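A look at the structure
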Amino acid sequence: MIRLEQDFSLLPYNTFGIAARAARFVEYGTVDDLRQVVRMLRDDLPGLPVLHIGGGSNLLFLSDFDGVVLHSAIGGVECRVSGREALLRVGAAVVWDDFVARCVEQGFHGVENLSLIPGEVGAAAVQNIGAYGVEAKDVIEAVETVDLQTGESRTFGVEECGYAYRDSVFKGRLRGRYAVTHVCFRLSRQFVPRLDYGGLREALRAEGIRPEDATARDLRRVVTAIRQAKLPDPKVQGNAGSFFKNPVVDRAVYDRLKADFPAMPCYEVDARRVKVPAGWLIEQCGWKGRPLGRAAVHDRQALVLVNRGGATGREILELCEAVQADVRARFGIELSPEVNIIGGKQ
Ligand code: EPU
């Protein structure tokens, strides 16, 4: 299946709810279809910029996209159980949370903490999604791709993916070069809950469950409930989850700041560096819940920017820049967007 569209509305393809359009939109259903698309791009549409999207839950369009937007419709989950492990090969277009739900039901463990993260499996591997002490890289075994220049297949072992906090080679050095077609996961058939991230044990106890007795279903349920309480539902209010990354700073810088701001929290990264919650920095600058035009900082989680209705991408960017300027002026810390901003600043 290859679907070709022209002057196509991207409104259903970005959770920020920005009314951007794509000059061309191409969706493909199999790896062979994707190879055909690569040939078509080379022969019929040479030189046009190409953007591959997933569920659109981490994108901000500043303008219409005057090129080709690609979207995978490759579904399917193949599963092989081997001793205490389960190896799963999952199509890039499978909805991430459907995959997590299925794993929990089938007793394949390791992704419970990543419950309810929006988006699709392919983008999860590009973005190295993470929450509550677990990152996609912890469970990924390999990433299958097609080279968008040559149409050749290439499988990246997890160690070749350059994974770091919300980062990978697919976002960095090899950006735009490969389309992820399948992601291979190595999960455990034994449930070893990861409860160290603040709030999980308390949330279980609040339900009358002793953390050591928690099941995978319990963990999925409390993670889902915490996210629903803090994060706005994109179906109700446009947003892309955390808009900024949590900045990583040298411990010496943090120690100096801590002298002036004794309540500043941090998480250890390594012996030399700590991560400071951007939500805290933004809240201290008085931005939590504050609107700017048709955009606003979310009132329950300051790391999230929301579309109050009808905002353009540029209005969201203006808010982003106002928040960055205030955090810079007050703390000397630079906030980097986690969201992919498409369309340039002009
Ligand atoms: N905080 C505030 N005010 C706020 C928000 C946060 O002071 O408005 C401070 C508090 O000290 C709080 C701490 O920040 O204890 C951490 O907050 P939270 O647990 O909500 O997590 P986060 O660091 O703000 C990160 C991820 C989220 C992920 C959560 C849970 C990034 C950029 N964000 O947020 O990921 O769900 O941890 O693991 O790393 C996403 O990527 O879209 C996303 C939602």
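Further remarks concern the pairing of strand β5 (residues 65-72). Of all eight residues in β5, seven are buried, a share of seventy percent or more. Pairing between strand β2 (residues 21-28) and β5: six bridges, direction parallel. Looking at β5, one finds that E27 is bridged to H71.

Quick look at the pattern of salt bridges now. For the structure on display, the rule yields 28 salt bridges. We note a salt bridge from K137 to D138, for which the minimum N-O separation is 3.1 Å. Accessibility expressed as a relative area gives 37% for D138, which makes it partly exposed. The shortest N-O distance in the salt bridge between R201 and D196 comes to 3.2 Å.

Partitioning the protein chain into domains gives domain 1 (2-72), domain 2 (77-230) and domain 3 (238-342). For domain 2 versus domain 3, the distance between C-alpha centres works out to 25 Å. Taken together, the contacts link nine residues of domain 2 with nine residues of domain 3. If you sort the residues of domain 2 by the area they bury against domain 3, Y165, R166 and K230 come out on top, with a joint share of 57%. One can count one salt bridge joining domain 2 with domain 3. Put simply, E338 and R166 hold a salt bridge, and the shortest N to O gap is 3.1 Å.

Attention now moves to the environment of V180. Tracing the backbone shows V180 in strand β12 (residues 178-188). For the pair V180 and E321, spaced 141 residues apart in the sequence, the C-alpha separation amounts to 32 Å. Residues in contact with V180, not counting those within four places in the same chain, are Y28, A92, G122, V126, V143, E144 and T145.

We now examine the site of the ligand. Taken together, 25 residues are adjacent to the ligand, and Y132, Y165, R166, S242 and E283 come closest. Between the ligand and Y132 there is a distance of 2.6 Å, counted from an oxygen atom to a backbone nitrogen or oxygen. Here a nitrogen atom of the ligand and a backbone polar atom of G279 are 3.5 Å apart. Protein contacts shield 82% of the accessible area of the ligand, which totals 830 Å² for the unbound molecule. Of all the secondary structure elements, the ones that give two or more residues to the shell around the ligand are β8 (130-131), α5 (216-230), β13 (238-242) and α7 (278-284). Counting residues per element, the shell around the ligand draws most heavily on α7, which supplies three residues. Looking at side-chain class alone, the shell around the ligand contains twelve nonpolar, six polar and seven charged residues. Summarising the domain contributions, the shell around the ligand has at least three residues from each of domain 2 (77-230) and domain 3 (238-342).

This part covers the sheet that holds strand β19 (residues 304-307). The strand order across the open sheet built from four strands is β13-β19-β18-β17, with neighbouring strands paired in antiparallel fashion. Each of the sheet's edge strands pairs with one partner strand only, and the pair in question is β13 and β17 (291-292). Here β17 pairs with strand β18 (residues 295-297) via two bridges, running antiparallel. Residue pairing for β18: L292 is matched across the bridge by A295. Against the sheet, helix α8 (residues 313-331) makes contact with β17, β18 and β19, and its axis sits at roughly 35° relative to β18, the strand it touches most.

Thresholds, definitions, all that
- Residues numbered from 1 in each chain as written.
- Predicted model: local features only at pLDDT ≥ 70, side-chain atom pairs only at ≥ 80, totals over all residues.
- Heavy atoms only, no water.
- Buried < 20%, exposed > 50% of the residue type's maximum accessible area, 1.4 Å probe, protein only.
- Helix = DSSP H or I, 4+ residues; strand = E, 2+ residues; numbered from the N terminus.
- Pairing = 2+ DSSP bridges.
- Salt bridge = Lys/Arg side-chain N within 4 Å of Asp/Glu carboxyl O.
- Domains from an automatic or database assignment.
- Contact = heavy atoms within 4.5 Å.
- Buried area = accessible area lost by both parts, 1.4 Å probe.
- Near = heavy atom within 4 Å.
- Polar contact = N/O pair within 3.5 Å; in protein donor to acceptor, adjacent residues only side chain to side chain.
- Areas by Shrake-Rupley, 256 points an atom, 1.4 Å probe, with all protein chains shown as cover.
- Nonpolar A, V, L, I, M, F, W, Y, C, P; charged D, E, K, R; others polar.
- Axes fitted to C-alpha atoms, helices over the stretch in contact; angles between N-to-C directions.

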